[in-house]
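One-letter residues, chain by chain:
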Amino acid sequence: ALLGMLTIYAFFCTASYLPLADAAVPTFVAPLVTVAGAAVALGERPPRTAWIAFPVCLIGALLVVQPTFAFGRGARHLPAIGVLSAAAQALFGGCSKIMIRVLSGGIAGVGAAATPGAVEKEHPLTMLWYTNVACVLGMGVIAAATPAMTPAVATAATESPATLTALWIASSASGFAAQMCVTTALGMAPASAVSPIHYTAVVWATSWGAMLGEVPGAVES
């Protein structure tokens, strides 16, 4: 629940400071964390293609972020807090999926091979309940410790309270649905097989970003 809360908080920070196409970078890295962690902790044996994908995914992330050490003067100079939030999201998100797999009965015991159903299987809604409780309490503490920020100037399309409320509800509903789908999937399939599906998020993020006027460069594409 704590890892889930940290993942969600890091996601909101990432999406707030980076364009949507860049905010999708953690989807390149998080599956790598999950695949490696599941191989060590759960005894899963990912296919060789998953290991081959490691350097490809890392190169893809570098092409999007374009750090100074690799691109020199051509670096994009993205906000440091956005890049750090993306890294935290990838780490916490990858680890949380391993925990969900364990709670879903994906491990027989410490050091044992992955055996779905070998331990009591928690219901997806139970895991989501604990995660959401942690989010409410944890986000409250973080909000209390965060200095007040001046709101950004709203655009004409989002300045009405009704529109903002509708967007907030839609964000909450879609976020819960996404959590439910991932949690359910991790109870039915190995973590190393579920995580790579997140790569499709790059396509969706780029599409939504285009609707908001964000056009990725040639290197990012």
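Overview of the structure. As the structure is a computational prediction, the values presented were derived from the model and not from experiment.

Along the backbone of the protein there are 10 helices and zero strands. The secondary structure elements of the protein, listed N-terminal to C-terminal, are α-α-α-α-α-α-α-α-α-α. In the protein, which comprises 221 residues, the proportion classed as buried is 32%. Counted over contacts in the protein with a minimum sequence separation of 6, partners at least 24 positions apart contribute 74%.

Core analysis: the biggest nonpolar cluster contains eight residues, these being Ala38, Leu42, Ile98, Ile100, Met127, Leu186, Ala191 and Val194. Counting only elements with at least two residues in this core, the list comes to helix 6 (80-103) and helix 9 (191-194). Excluding its chain neighbours within four sequence positions, the residues that come into contact with methionine 127 are Ile100, Leu103, Ser104, Glu122 and Thr183. Counting five residues, the second largest nonpolar core, distinct from the first, contains Leu32, Val35, Phe54 and Cys57.

What follows covers the environment of serine 207. Of note, serine 207 is situated in helix 10 (residues 201-211). Among the residues examined, serine 207 registers a relative accessible area of 38% and is labelled partly exposed. As a C-alpha pair, serine 207 and leucine 20 span 187 residues in sequence and 8.9 Å in three-dimensional space.

Along the polypeptide, threonine 131 turns up in helix 7 (residues 124-145). Once residues within four sequence positions are removed from consideration, threonine 131 is found in contact with Ala1, Gly4, Met5 and Gln179.

At a minimum axis distance of 8 Å, the contact between helix 3 (residues 26-41) and helix 6 shows a crossing angle of 35°. When the axes of helix 3 and helix 6 are compared, the crossing they make is right-handed. Contact with helix 3, carried on its side by Pro26, Val29, Ala30, Val33, Thr34, Gly37 and Ala38, involves Ala86, Gln89, Ala90, Leu91, Gly94, Cys95, Lys97 and Ile98 of helix 6 and no other residues of that element.

Take the packing of aromatic side chains next. Tallied over the full model, the rule gives two aromatic pairs. For the pair tryptophan 129 and tyrosine 130, a centre-to-centre distance of 5.2 Å together with 90° between the ring planes defines the contact as edge-to-face. We classify tryptophan 129 as exposed; its relative accessible area is 53%.

Right, let's get into the packing of helix 1 (residues 2-17) against helix 6. One can describe the packing of helix 1 onto helix 6 by two numbers: an axis separation of 8 Å at closest approach and a directional angle of 150°. Put simply, helix 1 runs roughly antiparallel to helix 6. As helix 1 runs across helix 6, the sense of the crossing is left-handed. Across from Leu3, Gly4, Leu6, Thr7, Ala10, Phe11, Cys13, Thr14 and Tyr17 in helix 1, the residues of helix 6 making contact are Ile81, Gly82, Ser85, Ala86, Ala88, Gln89, Phe92, Gly93, Cys95, Ser96 and Met99. Looking at side-chain class alone, the contact of helix 1 with helix 6 contains 12 nonpolar, eight polar and no charged residues.

The rules behind each value
Residues numbered from 1 in each chain as written. Predicted model: local features only at pLDDT ≥ 70, side-chain atom pairs only at ≥ 80, totals over all residues. Heavy atoms only, no water. Helix = DSSP H or I, 4+ residues; strand = E, 2+ residues; numbered from the N terminus. Buried < 20%, exposed > 50% of the residue type's maximum accessible area, 1.4 Å probe, protein only. Contact = heavy atoms within 4.5 Å. Core = buried A, V, L, I, M, F, W, Y, C linked by side-chain atoms within 4.5 Å. Axes fitted to C-alpha atoms, helices over the stretch in contact; angles between N-to-C directions. Left-handed = near helix turned anticlockwise from the far one by under 90°. Phe/Tyr/Trp six-rings, centres within 6.5 Å; stacked < 30°, edge-to-face > 60°. Parallel < 35°, antiparallel > 145°, perpendicular 65-115°, else oblique. Nonpolar A, V, L, I, M, F, W, Y, C, P; charged D, E, K, R; others polar.

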